[in-house]
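Observations on chain architecture
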Amino acid sequence: MKNVKLVLITILALALVAMTVGLAGCKSTAAETTTAAAETTTAAEGTQGGTVYRGASDELYSMVVMVSGVEYWFPVYEMFKQCGRQLGVKTHYDGTPEYDIQKEIAVFEQVVAQNPKGILVHPMNADAFIEPINSAIEKGIAVITFAADSPKSNRLGYITSDNVTEGYAAADQMAEDMGGKGKVAVLENPGQDNHDVRIKSFIEKIETDWPDIEIVNRAASNQDAQKAYQATLAFLQKDPDLGGIFMPEATTAMGCAQAVVEKESSARVICCDVNAKVLDMIKAGEIFGAINPDQGMQGYFGMLLLFTAAHPELVDPMTGYKVEDRNPTFIPKIDNGLSFVTKDNADCFYWDKYVEGRGSKGIEE
Amino acid sequence: MEKLEGVSLISGLNIIKKFRELNLIIIIILISIIMIILSPVFMTWQNISSVLMSFATDGIVVMGMTIILIAGEIDLSVASVTAFAGVLAGKMFLGGMNPWLASVVTLVVCAFIGATMSYFYTKIKLSSFITTVAGMGIVRGLCFVISKGTPLSLYTLPAGFKFLGQGKIGFIPFAVILFLTVVVFIDLMLRYSTTMRKVYYVGSNEKAAKFSGINTNKIKLGVGIACSFLAGLAGIMYMSKFGAGIPGASQGLELTAISAVVIGGGSLSGGRGSILGSILGIALLSVIQNAMVLLAINVYYQQLVMGCILLLAVTLDQLSQRRASI
Amino acid sequence: MPNVTILEVNGIEKSFGPIKVLKGVNFSVRKGEVHALVGENGAGKSTLMNIIGGIHRADSGEIFIEGKRVEIKNPLDAQKLGIAFVHQEIALCHSVTVAENIFMSAINSSKNLVVNYKKLYKDAADILKQLAPIPPDKKVEELSIPDQQIIEIAKALSMNCNIIIFDEPTASLSENESTVLFGIISKLRKRGIGIIYISHRINEIFSQAHSSDRISVLRDGCYIGTYNVSESDQKMVINKMVGREIGSMYPPKKSNKEGLGTLLEVRNLSDGKRFKNINFKLQQGEILGISGLVGAGRSEIAQAVCGLRDKQSGEVFYKGKNINIKSSWDSVKKGILYLPEDRKVDGLFLLLSIKQNISVMVLDNISKMGFVKKKTEIECTQRMVDALKIICRSINQNVSSLSGGNQQKILFAKLLNVKPNIMFIDEPTRGIDVGAKSEIHKLLRNLADEGVGIIMISSELPEVIGMCDRVLVIHEGNLSGEVTGSEISETRIIHLASDIKE
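Per-chain numbering applies: the sequence of each chain, read as written, is numbered from 1 onward. As a convention, the first chain written is A and the first ligand written is 1, with the rest following in written order. For a predicted model such as this one, the threshold for reporting local features is a pLDDT of at least 70, and the threshold for listing and counting side-chain atom pairs is 80 or more; totals across whole chains, interfaces and linings nevertheless cover every residue. Think of the side-chain values as coming from all heavy atoms in the structure, minus any hydrogens and water.

The next point concerns the pattern of salt bridges. As a working rule, side chains carrying opposite charge can pair if their charged atoms are close by. Residues and elements named next belong to chain A. We define a salt bridge as a side-chain nitrogen of Lys or Arg found within 4 Å of a carboxyl oxygen belonging to Asp or Glu. Considering all chains together, one arrives at 43 salt bridges over all chains under this definition. Of the charged contacts, one joins E98 and K103 as a salt bridge, the two residues approaching to 2.9 Å between their closest N and O atoms. Burial here depends on accessible area, computed with a 1.4 Å probe over protein chains only, as a share of the maximum for the residue type. Under 20% is buried, over 50% is exposed, and the range in between is partly exposed. On the basis of relative accessibility, which here comes to 24%, the residue E98 falls in the partly exposed class. Overall, K103 belongs to the buried group, its relative accessible area being 17%. Between E166 and R198 there is a salt bridge, with the nearest N and O atoms lying 2.7 Å from each other. A residue pair is termed long-range when its members are at least 10 positions apart, and E166 in helix α5 (residues 163-177) and R198 in helix α6 (residues 193-209) qualify at 32 residues. The structure contains a network of salt bridges with shared partners spanning E78, K81, R85, R358 and E365. The helix count covers DSSP runs of H or I at least four residues long, the strand count covers runs of E at least two residues long, and both are numbered beginning at the N terminus.

Structure below.
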């Protein structure tokens, strides 16, 4: 099993439908209103696909994150931007370079002050964002969350990776390669929610579906390569025949793999997320593989959701939205899917190469 | 400069020296003018209020830092105490306590933390730097212990309590009003109250203050308590504003606060500083932050730009001070 | 030695902003000469020396070294021209050795990665040999103040200088230590080094031990003249300095002290370290001197009585009542005050204004409901500024911008504001000019006449002799004797201070 792309059928279907509707809309009305902006047509009167899937050129869509210098966001924005361009609108990448909720909210509010059409936001804390998101929506700005949610707010949609699926996928990949038996260990990062879910699912999957595999050790590495290195050495001391180690993020993997190489162990290191170093190690065979969420889909469909929410006249679902006086767009959750990165496909995941190949300037445009 | 006695200086320079804050006001106005030209959004009330909101809570911490720096000590634990206050009050609220009561209890605990730390640097004679570095770690650790590492969801806080951080009176956020009230109160205290005057004496020359019959340890105990209390107050507002008790909140706030005080004319060696100056300092930092968002400055450059501007502001101020004092 | 002029300055002018501090000054130093430079504070001595030392640049005028016109742009130029500066404030690195301090600039400019300590210590020992027996590997913080000063001199010598400027070198030395220093200066002079000697102590320039050849006087930035020491006297020089006739240096002592009660009595006071078994009484209206060598424990006794230092045993009686003063705020409340010797370190709030400095001790008295009464504060400050003739632009001026004499007056104003009963004054006239000094002396006598008990600690014997009604002499922490009235003489005190039995 290599180069497996586990994209959930639901999203594909949704995407296809959306695209066909969009394209169809384009074709049918292109002759009459080539430059017409979506907002000029009134969907409320009950037209069927009679609108242009295109925004006005001065429409602004912003993507707001925290720790904005982190590479994870870049592929998200890349597709966010691509979708925005196809829709003929402006996009922008905003956020605070710091890991600070106060600053992220300040940036969010300052983006709101610029009165964009929509904001795709990664809320650092669910509750803290309730009020800012709600007040943006009251001002008529569409808000979609991604990668982290603020479920109690009135956001119009949420697109994310499914941490459970990620944990399951890692377990299956590891177990299959081990031939269904042996010993495994995990390095965890207690306290961070999405990491905890990945670990929990991984363990659950091993325990239920792979009866001959035993989880022999667990340790906290707290996203610290050095701690991971030491913990792995200890693992291998105890169980020299360890068959695999799973960890919920990439920094830990660098330290862990180093220890595995030094001990000349055959343990399969599997982590979540990638960076250039992890990719190099995967190519060198030091890391067995990595689960990588499909960030591009997150961005692309995030944009699409935003656009739809910002142009509610585009859809007319069979719901009570008219009576309830709310936006017809409301998608509780979309799974953006994931990839399993191995030696064979690792080259596709280098951000530099990817962005260069696309002739794009990344987040700078 | 003994040669200068009895000779008055050019009055313009005198004004700059006297109202050091004027420099900052001019810098802020200049940036604002540039921003008005560059971005139509800058002068909208929405933007201004978001800038005000962004430093209303941090500003309270800055005031505590101002007082303790004037006294010639430093408190690096403020960010931890801020987070701690939110987590502790949040935990008590989730345990069924009235949020107002929980806040009061929390503030008392924070004041006690300040008192404990100042005990170490007055009676045991450790440096306040190392004492509060230790305090920073201990208090942050407590945050994680109490919250078990995950943010506390305080969505169920009553509306009355949320008003503290989220409400508005007319079009002005209540947090901003509360903040300004505290600013005016502490500024007046610092200028005219007997106790705060003693703080300046202690910071300017601790030994001379002692020789002049001032109980310097008592003053330092007071500023230690005030600083932690204000950090706790900021934490309570933070909790109300975000409806969450976040154990990892406000990391690095101590450095922002110290920067703001120093930009505003404070000194790490004590004896100098004013509330107005410090508030203008934090305002300057926030306006620059805002400008970078509005001008869509590339994320890679944001921290670099921030650092350069910080250096520039302090240098300009220093140069004009020097010219004024020749 | 032939009269070769090695340094000559002509028509030096210098302004700071709108203020002209030097108005055409001429000055010269010969090879192997000690040339004293005197003048009141603010006369421009330091500025002139700073110009020669390259710290300031003159607006106009010329400088010649051995007949050649030179430009001194910075201290490095001065160093290259063989000019060394021994500053009043000792500027050594305390935590490193003597040798490292002496060769600091050599080490600094050295290209070697590692310091050759063996050679360094040997070179340092060579230089120190000519001055005093100080081990080169000792840390500077372990040395006494006079020894530290010798290190400063050694540092100057290590740079092969021909001219050494001494800026008030005896300000923090006792009489004996000064004599040692004068011995060293004589040695330097015999080697042909030209020495510029700045001092406030006119009497020491005319003393036996000292060996000044000529003396130049500055007043208000003007050059008054240069005189041969052998052809002039103390009084004439002082009159030139102040530009007027000064009568008696000290106010008359009080003749009759009968009938005044005992204000303070100290019994068996010990601190376990610096002094032990100190007993004395202070009468009302009396000026009691505490004399002794620097480091004998004089300041420590005063501080212990005022609650500024822990005492091990002993009792203090104030007006017959045993008082147990534990802290400075206790003593301030009783009106028992201490004026510290180092005004910049222990006395003044340099960052704060005159007003804030003067009102510090009475803050609680001029406050209402926890707020300082602005008007009262200004009034009482102004009263003090007028009474003590403190020269300033405004009472909001920072005290750091005042001259030494005015700063010292601020210190007095601070204490007088409290209406003191007993004042311990430690080196009350250190480093201030003749005019201010005599004003302070008058002030002290007036206070005593009003009934205040004054205990004066001073390293300047003439001051002790001129001012005190009675003198206690301390030797190594013990009370070695007491002299009263006409018995007070320089020899008596020196003998007691050095514990020489007569």
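Right, let's get into the state of the cysteines. All names here are of chain C. For the purposes of this analysis, a disulfide is any pair of cysteine sulfur atoms at a distance within 2.5 Å. Counting across every chain of the model gives zero disulfides over all chains. Left unpaired, C468 is separated from the closest cysteine sulfur, that of C306, by 16 Å. Note on C468: relative accessible area 1%, which makes it buried.

Only heavy atoms matter for contacts: two residues are in contact if any of them lie within 4.5 Å across the pair. Counting from both sides, the interface comprises 41 residues of chain C and, opposite them, 33 residues of chain B. Buried area: the accessible surface (1.4 Å probe) lost by two parts on joining, summed over both. With both chains or domains summed, chain C and chain B bury close to 3,500 Å², and 61% of this area falls on carbon and sulfur atoms. For the chain C face of the interface with chain B, the top three residues by lost area are W329(C), L351(C) and R393(C), together amounting to 18%. Our count for the contact surface shared by chain C and chain B stands at three salt bridges. Throughout this description, a polar contact denotes any pair of N or O atoms lying within 3.5 Å of each other; where both atoms belong to protein, one of them has to be capable of donating a hydrogen while the other can accept it, and for residues adjacent in sequence the pair is counted only when both atoms sit in side chains. In this structure, the connection of chain C to chain B is made through 14 residue pairs in polar contact (both at pLDDT 80 or more). When residues of the side of chain C that touches chain B are traced back to their parent elements, those giving at least two are β2 (19-30), α11 (328-334), α12 (343-347), β18 (371-372), α14 (374-387) and α15 (404-416) of chain C.

Bringing the packing of aromatic side chains into the picture now. Each Phe, Tyr or Trp ring, with Trp reduced to its six-membered ring, pairs with another whose centre is within 6.5 Å; inter-plane angles below 30 degrees give stacked pairs, above 60 give edge-to-face pairs, and intermediate values give tilted ones. Tallying each qualifying case throughout the model produces 23 aromatic pairs over all chains. Plain terms: the ring middles of W351(A) and Y354(A) are 5.9 Å apart, the flat faces sit at 45° to each other, and that makes the pair tilted. Taken as a pair, W351(A) and Y354(A) lie in helix α12 (residues 351-357) at a separation of three residues, close to a single helical turn. By relative accessible area, which is 27% here, Y354(A) ends up partly exposed. An angle of 85° between the planes, with centres 4.6 Å apart, marks the rings of Y238(B) and F242(B) as edge-to-face. One end of the pair is Y238(B) and the other is F242(B), both in helix α11 (residues 216-242) and four residues apart, which spans about a single turn. For F242(B), a relative accessible area of 1% gives the class buried. Site record: aromatic cluster; members linked through ring pairs are F74(A), Y77(A), F80(A), Y93(A), W351(A) and Y354(A).

Okay, the interface of chain A and chain B next. Tallying the contact residues gives 32 residues for chain A and 35 residues for chain B. When chain A packs against chain B, close to 2,800 Å² is buried across both sides, 56% of that on carbon and sulfur atoms. It is P97(A), Q102(A) and Q110(A) that lose the most area in chain A upon contact with chain B, and together they represent 23% of the buried surface on that side. Seen at the junction of chain A and chain B, the total is zero salt bridges. Put simply, chain A and chain B have eight residue pairs in polar contact (both at pLDDT 80 or more) between them. Residue assignment for the side of chain A that touches chain B shows that the elements contributing at least two residues are β3 (90-96), α3 (101-113) and α4 (130-138) of chain A. Counting residues per element, the side of chain A that touches chain B draws most heavily on α3(A), at eleven residues.

Moving on, we get to the arrangement of the chains. Of all two pairs of chains sharing an interface, the pair with the highest contact count is chains B and C. Considering only C-alpha positions, the minimal separation of the non-contacting chain A and chain C is 34 Å.

Residue and element names in this part refer to chain B. To count toward a patch, a residue needs a relative accessible area over 30% and no salt bridge; like charges are then connected within 9 Å, while nonpolar side chains (Val, Leu, Ile, Met, Phe, Trp, Tyr) are connected within 5 Å. Only the protein chains shown count as cover for residues, and the accessible areas themselves come from Shrake-Rupley with a 1.4 Å probe. On the surface, L22, I25, I26, I29, L30, I33, I34, I37, L38 and L295 cluster together to form a nonpolar patch covering roughly 890 Å² of accessible area. Along the chain, I26 falls in helix α2 (residues 21-38). Judged by relative accessible area, which is 46%, I26 ranks as partly exposed.

Turning our eyes to something else, we now look at the pairing of strand β20 (residues 453-457) of chain C. Residues and elements named next belong to chain C. Burial analysis of β20 places five of its five residues in the buried class, the great majority of the element. Of the two faces of β20, the one lined by G453, I455 and I457 and the one lined by I454 and M456 are each fully buried. Strand direction decides the pairing type here: strand β19 (residues 422-426) and β20, joined by five bridges, are parallel. Among the inter-strand pairings, F424 is bridged to a residue of β20, identified as I455. Handedness of a crossover: with both strands directed away from the viewer, a clockwise path from the first strand across the helix to the second marks it as right-handed. Handedness of the crossover joining β19 and β20 through helix α16 (residues 434-449): right-handed. Pairing between two strands is assigned when DSSP locates at least 2 bridges connecting them.

Residue and element names in this part refer to chain A. Lines fitted to the C-alpha atoms define the axes, with helices restricted to the stretch that makes contact. Angles between their N-to-C directions range from 0 to 180 degrees. Orientation of helix α8 (residues 250-262) relative to helix α9 (residues 276-283), taken along the N-to-C sense of each, is 40°, at an axis distance of 9 Å. The angle between α8 and α9 places the two elements in the oblique class. Where α8 crosses over α9, the handedness of that crossing is left-handed. Packed against α8, whose contacting residues are A250, M254, A257 and Q258, the element α9 presents K277, V278 and M281 at the interface. Across the contact of α8 with α9, the residue classes break down as five nonpolar, one polar and one charged. Each angle receives one of four descriptions, namely roughly parallel if under 35 degrees, roughly antiparallel if over 145, roughly perpendicular if within 65 to 115, and oblique otherwise. In this scheme the handedness of a crossing depends on how the near helix is turned from the far one: anticlockwise by less than a right angle means left-handed, clockwise means right-handed. Each residue receives one of three labels: charged for Asp, Glu, Lys and Arg, nonpolar for Ala, Val, Leu, Ile, Met, Phe, Trp, Tyr, Cys and Pro, and polar for the others, Gly being one of them.

Residues lying three or four places apart along an α-helix face the same way, a consequence of the helix completing one turn every 3.6 residues. All names here are of chain A. How far a helix is expected to stretch is found by multiplying one less than its residue total by 1.5 Å. Counted at 1.5 Å a residue, the expected span for helix α7 (residues 225-238) with its 14 residues is 20 Å, and the 20 Å between its end C-alpha atoms agrees. By the burial criterion, the buried members of α7 are A228, A231, T232, F235 and L236. Angularly, the buried residues of α7 cover 135° about the axis, an arc narrow enough to put them on a single face. Exposed and oriented more than 90 degrees from the buried face of α7 are Q237 and K238. Buried residues along α7 sit in contact with β7 (182-188), β8 (213-220), β9 (244-247) and α8. Between the side-chain oxygen of the N-cap and the backbone nitrogen of Q226 there are 2.8 Å, and the N-cap of α7 in question is D224. In this description, the arc belongs to the directions extending from the helix axis to the C-beta atoms.

If you trace the backbone, E188(A) turns up in strand β7. Excluding anything up to four places from it in sequence, E188(A) contacts I199(A), R218(A), A219(A), A220(A), S221(A), N222(A) and P248(A).

Following the sequence through the fold, A259(A) ends up in helix α8. Considered as a pair, A259(A) and I133(A) are 126 residues apart in the sequence and their alpha carbons are 45 Å apart.

Moving on: a positive patch on the surface. The charged-residue count follows a simple rule in which Lys and Arg add positive charge and Asp and Glu add negative charge, with His and chain termini not counted at all. By convention, charge coordinates are those of NZ in Lys, CZ in Arg, CG in Asp, or CD in Glu. On the surface, a cluster of positive charge is made up of K218(B), K321(C), K333(C) and K334(C). Summarising the element assignment, K334(C) is placed in helix α11.

Turning our eyes to something else, we now look at the nonpolar core. For the purposes of this section, nonpolar cores are sets of buried Ala, Val, Leu, Ile, Met, Phe, Trp, Tyr and Cys residues that join through side-chain atoms within 4.5 Å. Judged by nonpolar contacts, the single largest core of 169 residues is most densely connected at F108(A), M63(B), L284(B), F412(C) and L444(C). The contact partners of F108(A), leaving out residues within four places of it in the chain, are V64(A), I119(A), V121(A), F129(A), P132(A), I133(A), A136(A) and V143(A).

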